[in-house]
Amino acid sequence: MKKRSKVIMIVITGAAILIGAIWLINESSYPNVQAFDDHFTRKFLNKDEKADDGFYEFKSKTGQYYDVVSRRVSNFT
């Protein structure tokens, strides 16, 4: 019984390390700018192309319009 629980703990630890590594790789693929900090907004931004210096292309979910977003986004509240 102890051998089985040891194997289960090793599998759980390995899975946790693997999931953490995948998450870190995914997070590091985005530019380190404020516009990509929000997980909802980053789905609409094109990380591979800059529109102008300091701006990224924003594509709507429907694909019917485009805009440019500054790398520094402020809240208008």
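Residues numbered from 1 in each chain as written. Predicted model: local features only at pLDDT ≥ 70, side-chain atom pairs only at ≥ 80, totals over all residues. Heavy atoms only, no water.

S.K.: Talk me through the overall build of the protein; I want residue IDs and the actual numbers.
M.R.: Summing up its helical and strand segments, the protein has two helices and three strands in all. Counting all 77 residues of the protein, 14% fall into the buried class. Residue pairs in contact within the protein that sit at least 24 positions apart in sequence constitute 16% of those at least 6 positions apart. Carbon and sulfur atoms provide 58% of the accessible area of the protein, an area that totals close to 6800 Å². (Helix = DSSP H or I, 4+ residues; strand = E, 2+ residues; numbered from the N terminus. Buried < 20%, exposed > 50% of the residue type's maximum accessible area, 1.4 Å probe, protein only. Contact = heavy atoms within 4.5 Å. Areas by Shrake-Rupley, 256 points an atom, 1.4 Å probe, with all protein chains shown as cover.)

S.K.: Please set out the side chain of Arg-42 residue by residue, giving values where relevant.
M.R.: Relative to the elements of secondary structure, Arg-42 occurs in helix 2 (residues 39–42). Beyond its immediate stretch of four places on either side in the chain, Arg-42 contacts Glu-27, Tyr-30, Phe-36 and Asp-37.

S.K.: Tell me about the confidence of the model for the protein, residues and numbers included.
M.R.: Predicted confidence across the protein gives a mean pLDDT of 78, with 81% of residues reaching 70 or more. When mean pLDDT is compared element by element in the protein, helix 1 (residues 2–28) scores highest at 90, while strand 3 (residues 66–70) scores lowest at 68. (pLDDT = per-residue confidence, 0-100.)

S.K.: Go over the environment of Ser-29, please, and point to the residues and values.
M.R.: With respect to the element layout, Ser-29 can be found in the loop between helix 1 and helix 2. Separated by 18 residues in sequence, Ser-29 and Lys-47 have C-alpha atoms that sit 8.7 Å apart.

S.K.: Can you break down helix 1 residue by residue, with the values?
M.R.: Spacing of three or four residues puts side chains on the same side of an α-helix, whose turn is 3.6 residues. Compared with the 39 Å implied by 1.5 Å per residue over 27 residues, the 39 Å span of helix 1 between its first and last C-alpha is a close match. The buried fraction of helix 1 is low, at zero of 27 residues. (Expected span 1.5 Å × (residues − 1).)

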